[in-house]
Amino acid sequence: MKPGIHPAYGPVVFRDKAADFAFLTRSTLTSERTVEWEDGNVYPVVDVEISSASHPFYTGTARVLDTAGRVERFERRYGSREGR
C-alpha cells in the first residue's frame, strides 16, 4: 500500500440509540463526539439508525407478506393474462 493516501483506520464505537446497543470495532469513520467504553478508554462514537439489535430480520419481528393474496387481488382488479 502507498503511504499517506489511505484514511486512518482505528477503533470506533457504533451506537444504536433505538435499541440501546453499542459495539466497538475498527473503521475509517470518525466523529467529533466521544464515549468512554467499558475498558475505560475514550473512543469516537458514530450513531447509527439501525443495527443488528434493532433490524426486524435479526430480531425475528419481520412480517411475512402474503404475496399470493396480492397477486390474486391484482388479477381480480386488472384481469389475468390468460384471457388475452
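Quick caveat: nothing in here was measured; it's all calculated off a predicted structure. (Residues numbered from 1 in each chain as written. Predicted model: local features only at pLDDT ≥ 70, side-chain atom pairs only at ≥ 80, totals over all residues. Heavy atoms only, no water.)

Caption draft 1: Expanded view of unusual backbone geometry. We note that Asp20 has phi near 55°; this positive angle belongs to a residue other than glycine. You can see Asp20 is positioned in the loop between strand 1 (10-16) and strand 2 (21-27). (Helix = DSSP H or I, 4+ residues; strand = E, 2+ residues; numbered from the N terminus.)

Caption draft 2: Seen up close, the pattern of salt bridges. Taken as a whole and judged by the stated rule, the model has three salt bridges. Salt-bridge contacts for Arg15 lead to Asp47; the nearest nitrogen and oxygen are separated by 2.7 Å. Taken together, the positions of Arg15 in strand 1 and Asp47 in strand 4 (residues 42-48) put the pair 32 residues apart, joining distant regions of the chain. Judged by relative accessible area, which is 27%, Asp47 ranks as partly exposed. Among the ionic pairs, Asp47 bridges to Lys17, the shortest N-O distance being 3.9 Å. Of this pair, Asp47 sits in strand 4 while Lys17 sits in the loop between strand 1 and strand 2; the two residues are 30 residues apart in sequence, bridging distant segments of the chain. Among the ionic contacts, a cluster of salt bridges with common partners joins Arg15, Lys17, Arg33 and Asp47. (Salt bridge = Lys/Arg side-chain N within 4 Å of Asp/Glu carboxyl O. Buried < 20%, exposed > 50% of the residue type's maximum accessible area, 1.4 Å probe, protein only.)

Caption draft 3: The packing of aromatic side chains, seen in detail. The tally for this structure, following the rule as stated, stands at three aromatic pairs. Ring geometry for Phe21 versus Phe23: centroids 5.9 Å apart, planes at 40°, classification tilted. The exposure class assigned to Phe21 is partly exposed, which follows from its relative accessible area of 30%. Taking relative accessible area as the criterion, Phe23 reaches 33% and is therefore assigned partly exposed. Ring plane angle 50° and centroid distance 4.9 Å describe the contact between Phe74 and Tyr78, whose orientation is recorded as tilted. One end of the pair, Phe74, and the other, Tyr78, are both in helix 2 (residues 67-78), four residues apart, so they sit about a helical turn from each other. (Phe/Tyr/Trp six-rings, centres within 6.5 Å; stacked < 30°, edge-to-face > 60°.)

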